[in-house]
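Tertiary structure, described
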Amino acid sequence: MGFEHIKMPEQGARVTVENGRLKVPDEPILGFIEGDGIGVDITPACMKVWNAAIAKAYGGRRKVHWAELYLGEKAAGIYGGNYFPEETLEAIKHLNVAIKGPLTTPVGEGFRSLNVSLRQTLDLYACVRPVKWYRGVPSPLKKPEEVDAVIFRENTEDVYAGLEYQSGTEENRKLAKFLREEMGAEFFEDAGLGIKPISAFGSKRLVRKAIQYAIDNNRSSVTLVHKGNIMKFTEGAFRKWGYELAAEEFGDVTISEEEVWEKHDGKAPEGRIVIKDRIADIMFQLMLLRPAEFDVLATMNLNGDYLSDALAAEVGGMGIAPGANMADHVAVFEATHGTAPKYAGKDMVNPSSLMFSGCMMFDYIGWHEVSKLIENAFEKVVGEKVVTYDFARLIDNATKVPTSGFADALVAAIERG
Ligand code: NAP
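Below, the structure is looked at part by part. (Residues numbered from 1 in each chain as written. Predicted model: local features only at pLDDT ≥ 70, side-chain atom pairs only at ≥ 80, totals over all residues. Heavy atoms only, no water.)

A closer look at helix α4 (residues 114–121)
We count it as follows: Whether a residue is buried, partly exposed or exposed follows from its accessible area with a 1.4 Å probe, protein chains only, as a fraction of its type maximum: under 20%, in between, or over 50%, in that order. Helix and strand definitions follow DSSP, with helices as H or I runs of at least four residues and strands as E runs of at least two, each counted in order from the N terminus. The contact criterion used throughout is that any non-hydrogen atoms of two residues lie within 4.5 Å. In protein, a polar contact requires one atom able to donate a hydrogen and another able to accept it; more generally it is a pair of N or O atoms within 3.5 Å, and residues adjacent in sequence count only if both atoms are side-chain atoms.
When α4 is considered as a whole, its buried residues turn out to be Leu114, Asn115, Ser117, Leu118 and Arg119. Tucked into the core, α4 has its buried residues touching α3 (86–95), β6 (97–100), β15 (322–326) and β16 (331–335). The N-cap residue of α4 is Ser113: its side-chain oxygen and the backbone nitrogen of Asn115 are 3.2 Å apart. Just downstream of α4, Asp123 is the residue with a positive phi angle, here 50 degrees.

Some words on the environment of Val296
Along the polypeptide, Val296 turns up in strand β14 (residues 296–299). Along the backbone, Val296 and Thr223 are 73 residues apart, and their C-alpha atoms lie at a distance of 6.3 Å. Excluding residues that lie within four positions of it along the chain, Val296 makes contacts with Val150, Phe152, Ala210, Tyr213, Ala214, Arg219, Ser221, Val222 and Thr223.

Overview of the site of the ligand
Let me state the cut-off plainly: For this purpose, a residue is taken to be near a molecule or strand whenever a single non-hydrogen atom of the residue falls within 4 Å of it. Each accessible area value is a Shrake-Rupley result obtained with a 1.4 Å probe; residue values ignore everything except the protein chains displayed when judging cover. Residue polarity follows a fixed list, in which Ala, Val, Leu, Ile, Met, Phe, Trp, Tyr, Cys and Pro are nonpolar, Asp, Glu, Lys and Arg are charged, and the others, Gly among them, are polar.
Looking at the ligand, there are 21 residues lining it, with Leu103, Gly338, Ala340, Asn350 and Tyr389 nearest. Against a free-state accessible area of 880 Å², the protein chains account for coverage of 66% of the ligand. For the shell around the ligand, a count of residues per class yields nine nonpolar, seven polar and five charged.

A look at the side chain of Asp36
What counts here: Counting rule for charge: Lys and Arg are taken as positive, Asp and Glu as negative, and neither His nor the chain ends is counted. Any Lys or Arg side-chain nitrogen found within 4 Å of a carboxyl oxygen on Asp or Glu counts as a salt bridge.
If you trace the backbone, Asp36 turns up in the loop between β4 (28–33) and α1 (39–58). Lacking a salt bridge, the buried Asp36 has Lys74 as its closest oppositely charged neighbour, with an N-O distance of 8.8 Å. Polar contacts involving the side chain of Asp36 include one to the main-chain amide nitrogen of Thr104, which spans 2.9 Å. Excluding its chain neighbours within four sequence positions, the residues that come into contact with Asp36 are Leu71, Gly72, Glu73, Lys74, Pro102, Leu103, Thr104 and Thr339.

Here's the deal with the packing of aromatic side chains
Here is the rule we go by: Each Phe, Tyr or Trp ring, with Trp reduced to its six-membered ring, pairs with another whose centre is within 6.5 Å; inter-plane angles below 30 degrees give stacked pairs, above 60 give edge-to-face pairs, and intermediate values give tilted ones.
According to the stated counting rule, one finds 13 aromatic pairs in the structure shown. Relative to Tyr213, the ring of Phe152 lies with its centre 5.3 Å away and its plane at 55 degrees, an arrangement referred to as tilted. Of the two residues, Phe152 sits in strand β8 (residues 148–154) while Tyr213 sits in helix α6 (residues 200–216), which places them 61 residues apart along the sequence. A relative accessible area of 24% means that Tyr213 is categorised as partly exposed.

Description of the pairing of β4
For clarity, the threshold we go by: Between any two strands, pairing holds if DSSP finds at least two bridges. By definition, the crossover connecting two strands over a helix is right-handed if that path, from the first strand to the second, turns clockwise as seen with the strands pointing away from the viewer.
In terms of burial, β4 is largely enclosed, as six of its six residues are buried. Taking every second residue as pointing to the same face, both faces of β4 are buried, with Pro28, Leu30 and Phe32 on one and Ile29, Gly31 and Ile33 on the other. By the bridge criterion, two bridges tie strand β1 (residues 13–14) to β4 in an arrangement that is parallel. Within β4, the position partnered with Ala13 by the bridge is Pro28. For β4 and strand β5 (residues 65–68), the ladder comprises four bridges, and the chain directions are parallel. Bridging across to β5, Ile29 finds its partner in His65. Crossover connection from β4 via α1 to parallel β5: handedness right-handed. As judged from the three bridges shared by β4 and β6, these two strands associate in the parallel manner. Bridge pairing in β6 places Phe32 opposite Ile99.

Quick look at the structure:
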């Protein structure tokens, strides 16, 4: 496959898909996008940590060959002003697995968010956000160690699908007329109108991914989060399709919460993943008061958007929250914060969001030893109160280090084992 500006490493091989499963060579080529703003600080720092952990875990038996891909401002400099080069998308599809720093969305007419464009172009329909507390990290909860959940948020449908009609426009008037005259709908004059599509296809592929994740990672439950009590044919349908999918495709490894109570006196049989559902608003309360009861969460777009940030705040905030956007097999891991332009190039910010997104990526390709080493090193270093400025604000008597210093401390902890 020929590229204009992307240089594929000469060694290594790409991750492929066989019989619906990833096939990962010992020396995979993985894509990385440095990212704008603080991308120049966090990406090299994370590379150091990731490579050190791989070397420690496998002593040369396994190695990543990194292929730099371009999006955002760096792409614009290379591709004559194009922030979103086609060959980067081709390279991501070719490699299947990539990780990216944050990207600036240029302000002005005609620019779509690069992140939204990336999701839509590659049909990355699941936004995956693990929420887990690490020892030493400041948290507002009394028992943050009870939080260990993974949110699967649907990325393509819901009120975010872009079907909105501005008050006062011809399109709005047409739709309002149709709804009133043909469907008998009643609403205030000149209301802005939005449409909330939720399909069986979109819901089922998201729930399928969440259940498969639960199986692959020995998780005990998948909770469908919805407002089906109010929006019966969209959110209620998501719940119904979720249960249907679980029974149809994973009937031998899942069990509904209802059946657990009816037939097993409230205790799930060994080896079965419990499928349950909760109303979205109560879910926020439960994740504050009884987080230990929840494991994998499957949500629609809007509920998942709110829930992801709220839960991230329980375990240290956006500065350390990792994430990924996934299609059936293509997966793009990413820092969940933005480009923080005021800190760009100052070697100050916390690299942990991108670093833990890297851990998710290594778990995704089955290299669990790497992520474990990094997580242990993180708890050790943060436990010694060696932190970047953001955590230093929250921890008494902390030693404040730059981004690169934090990475060096992690590498030293990894090498010590
Ligand atoms: P932001 O870049 O996330 O920064 C907001 C604040 O969050 C920072 O000022 C800083 O807070 C804190 N922060 C962010 N990253 C941090 C890190 N690694 N370590 C420590 N603190 C961190 O949000 P924004 O200022 O709203 O957006 C800036 C640009 O980023 C925009 O162009 C936006 O479009 C883009 N963006 C991109 C993505 C993405 O690529 N996924 C996501 C969101 C936004 P303090 O100043 O309080 O220390």
